[in-house]
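Each chain, letter by letter, is given below.
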Amino acid sequence: MTTTDTAELAGRLFVLPEEWADMDRWHAVIGEARRSTPIVSVSIDGFQPFWALTRYADVMAVSRDNDTWHNTTRSVLMANAEWDGMLGAGVPEPMSLVHLDGVEHRDDRQVTNDWFKPAAVRHRQERIDALTDMFMAKMRDLGGECDFARDIAQPFTLRVIMDIYGVPESDEPLMLELTQGLFGAADPEFIGEAATPAEVFVNAAFKFMSYFAAITEDRQKCPTGDLASVIANGQPGGCPMGDIQRLWYYIIVATAGHDTTSFALSGGVEAMLRDPSQLRAVRDDPSLAANAAEETIRWTSPVRHFMRYATRDTEIAGTAIPAGGAALLSYPSANRDETVFEDPDTFDVRRHNADRLAAFGGGAHFCLGSQFARREVRTFLGRMAQELADIEPAGPAEWSQSAFVSGVKHLPMRYSFY
Ligand code: HEM
């Protein structure tokens, strides 16, 4: 393939949901692009044109320069028709943390910041341990075979975040439906009765609106000390939050908190099914669990991109970008950058610099929940390593189809306990 062919193919691989269902191919093509054309100019019908950044250094430099590069309301790639359809249907223009910039973003983030600081997250360890016990028991009950992604990773990570949120367990199926509607709308498995992914998205957004309006009313009358109460009564910059801003706050924390971590965990276990010596390494040296979590998140990189927009004429590694130009930050590609990670396409729980991962972004928008995600993955993998004697595939793994947040959605496996 010529360099031009590779760049053209790479462009489609960033944008089209179905291209995310085969990650070995994805990494092979994007790896080639990263080495030959690290800044890929992408023009695809129906989408705004953008430059895709594939190298670690470029992704991190843009992430950290929050003056030159803004997130804006279109910080997630969306077909123009879908965007117009969303606004036309009356869904308010997004204004969650990832869509805000400057002082507005700083003040908004301050509302929940304390909840996500390392010390606050450490206090949750006991609860994460208890939920890990519960899901290890579920693995026992399932009798040695399960779909690890659907039966364990997804409900475990959902329970952890809903637990801090203060959402009752009985509402979890609804929350799952809503997250899949917003993040995985293009996956045929989640489309259901809807005619288009845009319709799935709009339906999910409306359900969220009424669900969280009721929560706000409740927590404003009777704050309970949970995260939902903090958001319901939050005052960014000393002023009460507007209804739309509050709605998007709930949405970002509820959705960003579980599909991401769930795909990290299921993808890490998928890698261990390919190479069970990795799980044995954590069993033999339990202190490796923390590094195994870093490697798992590097390897899976479940957030596939965020967009940034140039606030002025600028350049990235010699490529001129005019004011208003869009850049796509490819975290999965940055995490396989061979100039940072030696032998990047090997999953290695002993990797010496796995904690340099790009998967949580950088700069002002650095993932608010990274400490939670790390703790959840570390705790669960650590326990699996101690309790499971053997693991093996019980069928092919399946990846979800989404260009925004995606990963292993089905992982049939067999296992035995000690
Ligand atoms: C493995 C799991 C996770 C991954 C890979 C991940 C990744 C990311 C990335 C790439 C960003 C954008 C960073 C940037 O623009 O520089 C982000 C932002 C964010 N994440 Fe996560 N995340 C994960 C888990 C979580 C969890 C568990 C929570 C909440 C409990 C969470 C909440 C957020 C929020 C609220 C933001 C927006 C921060 C802002 O814009 O200021 N994430 N995450």
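What you see is a predicted model, and the numbers here were worked out from it, not measured in a lab.

S.K.: Summarise the coordination of the iron atom of the ligand; cite the residues concerned and give the values.
M.R.: A lone protein donor contacts the iron atom of the ligand, and this donor is C367 (SG), found at 2.3 Å. Mapped onto the elements, C367 comes out in the loop between α17 (331–334) and α18 (370–387).

S.K.: Account for the packing of aromatic side chains, with residues named and values stated.
M.R.: Applying the stated rule across the entire model yields 16 aromatic pairs. When the ring of F156 is compared with that of F380, the centres are 4.8 Å apart and the planes differ by 50 degrees; the resulting orientation is tilted. One end of the pair, F156, is in helix α8 (residues 148–165); the other, F380, is in helix α18, and 224 residues separate them in sequence. The same class applies to F156 as to F380, namely buried. Every member of this aromatic cluster is reached through a ring pair, and the members are Y165, F208, Y211, F212 and Y250. Across the ring face of F417, the terminal group of R140 is positioned such that the distance to the ring centre comes to 4.0 Å. When the ring centre of W299 is taken as reference, the NZ or CZ atom of R336 above it lies at 3.9 Å.

S.K.: Outline the site of the ligand, listing residues and values.
M.R.: Around the ligand, the surrounding shell holds 29 residues, and the nearest of these are H105, R109, R308, H365 and C367. Take L97: an N or O atom from its main chain is 3.5 Å from an oxygen atom of the ligand. R308 has a polar side-chain atom sitting 2.7 Å from an oxygen atom of the ligand. Only α5 (102–113), α13 (243–256), α14 (259–274) and β5 (306–310) provide two or more residues apiece to the shell around the ligand.

S.K.: So, the environment of H99: which residues are in play, and what are the values?
M.R.: Counting through the fold element by element, H99 comes out in the loop between α4 (80–88) and α5. By relative accessible area, which is 11% here, H99 ends up buried. Considering only alpha carbons, one finds H99 and W248, 149 residues apart in sequence, at a separation of 9.5 Å. If near-sequence neighbours (up to four positions away) are discounted, H99 is found in contact with T72, T73, S75 and P94.

S.K.: If you had to explain the sheet that holds strand β9 (residues 388–393) to someone new, which residues and values would you point to?
M.R.: Taken together, 3 strands build an open sheet; the order of strands is β4-β12-β9 and the sheet is antiparallel. What marks the edges here is a single partner per strand, and that holds for β4 (145–147) and β9. Looking at each pair of strands side by side, their axes are set apart by 30 degrees on average, direction ignored. Sheet contacts for α14: β9 and β12 (412–417); angle to β9, the most-contacted strand, approximately 90 degrees.

S.K.: Kindly report on the packing of helix α1 (residues 3–15) against helix α2 (residues 23–36), identifying the contributing residues and their values.
M.R.: Look at α1 against α2: their axes get within 9 Å of each other, and the N-to-C directions meet at 130 degrees. Looking at the two axes, α1 sits oblique to α2. Crossing hand, α1 versus α2: left-handed. Along the contact surface, α1 presents T3, T6, L9, A10, L13 and F14, while α2 presents R25, W26, V29, I30, E32, A33 and S36. For the contact of α1 with α2, the residue count by class is 8 nonpolar, 3 polar and 2 charged.

What counts and what doesn't
Residues numbered from 1 in each chain as written. Predicted model: local features only at pLDDT ≥ 70, side-chain atom pairs only at ≥ 80, totals over all residues. Heavy atoms only, no water. Donors = N, O, S within 2.8 Å, 3.2 Å for Na, K, Ca; no water. Helix = DSSP H or I, 4+ residues; strand = E, 2+ residues; numbered from the N terminus. Phe/Tyr/Trp six-rings, centres within 6.5 Å; stacked < 30°, edge-to-face > 60°. Buried < 20%, exposed > 50% of the residue type's maximum accessible area, 1.4 Å probe, protein only. Lys NZ or Arg CZ within 6 Å of the ring centre and 35° of its normal. Near = heavy atom within 4 Å. Polar contact = N/O pair within 3.5 Å; in protein donor to acceptor, adjacent residues only side chain to side chain. Contact = heavy atoms within 4.5 Å. Pairing = 2+ DSSP bridges. Axes fitted to C-alpha atoms, helices over the stretch in contact; angles between N-to-C directions. Parallel < 35°, antiparallel > 145°, perpendicular 65-115°, else oblique. Left-handed = near helix turned anticlockwise from the far one by under 90°. Nonpolar A, V, L, I, M, F, W, Y, C, P; charged D, E, K, R; others polar.

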